[in-house]
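# An overview of the molecular structure
Now for the letters of each chain:
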Amino acid sequence: MHILIIGAGGMIGRKLAATLGRSGSLGGDTITRMTLVDVTPPPVPADVFVPAEALAADISESGAAEALAARRADVIFHLAAIVSGEAERNFDLGYKVNLDGTRLLLEAIRREGSRQAYVPRFVFSSSIAVYGSPFPDPIPDDYVLAPLTSYGVQKAISELLLADYSRRGFIDGVGIRLPTIVIRPGAPNAAASGFFSGILREPLAGQRAVLPVEETVKHWLASPRSAIKFLIHAATLDTAALGVRRTLTMPGVAATVADQIAALRRAAGPEAAELIDRRRDEVIEGIVAGWPKSFTPERATQLGFVAETTVDELIEVYLAEDAPGGGEYRQGTPAYAGLQRQKALRS
């Protein structure tokens, strides 16, 4: 089996490549090679059993999608995107990459298949930004898509393309609407949702964080670990169960900012929560106000997709897998003190 990951340089792409490369199989089939693609050559994960090639390519540029389709990968993970905040600030770039790039990739696969039979499993990373207010809380699976950001529009159109190209038999597509991923490791990115991770990640390391919205803001969250499991499950799912509705809303945790801060206090003590600076940002407030708060993802749950159920679990995943130093904080940070308290309680 040949795996192609487009957007392999991002946090999710890197984790997916490492997970697949170390397992060596997908859905019972042996992975013989991986092609990892991003606008600059992405890192090849260490300690993997699968040969991996890193390439630089921009699927929105002429010829790039055709070159990737010609590799005839069995499974394609399409993760590449201009994130929400950047797509709103840079209208042209957002549409070029998020919509035009996706269409060019799908067209390249269709043309490759017209020369010789080729129908890859195509896993598309969508977003809950395809929904826009007003909406019920929680949102059911069959609720109308009415995004209020350019990013959401680009993802919604791409979902329609995914369904149509699958209906016509050009691809075997599965779309997954990812919750906001919390806690994202590393440096903040340009996403408008970045503060949902920042108000936990930075205080856990003893650093200050900015909260640009009110604590009453409620949102749908899942861990990086769950995101990888979603993608792998989507790649092995029997798509006959999807019918013509090829995109699913993933399960997650419905939590307010206040819920996040309360979990932070439980994990690392009140001193951690004191590192959060309230500094309202009207632009981010406006974007987040149009985002969904919670879902009843019955289709995904019935098909075996699983996520965390509390913010405490999201923090536990981060401390175990993504915290600096392999999950061990230096002495003196709030997280270190919190971990010591947790160990004492367990003993």
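Up top you'll find the structure we're talking about.
Summary of the structure given here. (Residues numbered from 1 in each chain as written. Predicted model: local features only at pLDDT ≥ 70, side-chain atom pairs only at ≥ 80, totals over all residues. Heavy atoms only, no water.)

## Structural notes on the overall build of the protein chain
- The helix and strand tally for the protein chain stands at 13 helices and 16 strands.
- By the compact-globule yardstick of 20 Å for 347 residues, the protein chain fits well, its C-alpha radius of gyration being 20 Å.
- Principal-axis analysis of the C-alpha atoms places the extent of the protein chain at approximately 65 × 45 × 35 Å.
- The buried share of the protein chain, reckoned over its 347 residues, is 54%.
- On the protein chain, roughly 14800 Å² of surface is accessible, and the fraction owed to carbon and sulfur atoms is 52%. (Helix = DSSP H or I, 4+ residues; strand = E, 2+ residues; numbered from the N terminus. Rg over C-alpha atoms; globule rule 2.2 N^0.38 Å. Buried < 20%, exposed > 50% of the residue type's maximum accessible area, 1.4 Å probe, protein only. Areas by Shrake-Rupley, 256 points an atom, 1.4 Å probe, with all protein chains shown as cover.)

## Quick notes on the packing of aromatic side chains
- Per the counting criterion, the structure on display carries six aromatic pairs.
- A connected cluster of aromatic rings, assembled from ring pairs, spans Y131, W220 and F295.
- Between R110 and the ring centre of F170, over which it is positioned, the NZ or CZ distance is 5.6 Å. (Phe/Tyr/Trp six-rings, centres within 6.5 Å; stacked < 30°, edge-to-face > 60°. Lys NZ or Arg CZ within 6 Å of the ring centre and 35° of its normal.)

## Points about the environment of L264
- Tracing the backbone through its elements, the reader meets L264 in helix α8 (residues 257-268).
- Each C-alpha atom, one on L264 and one on V153, is 33 Å from the other, the two residues being 111 residues apart in sequence.
- Not counting residues within four places of it along the chain, the set of residues in contact with L264 comprises I199, L200, P203, L204, G269, A272, A273, I276 and I315. (Contact = heavy atoms within 4.5 Å.)

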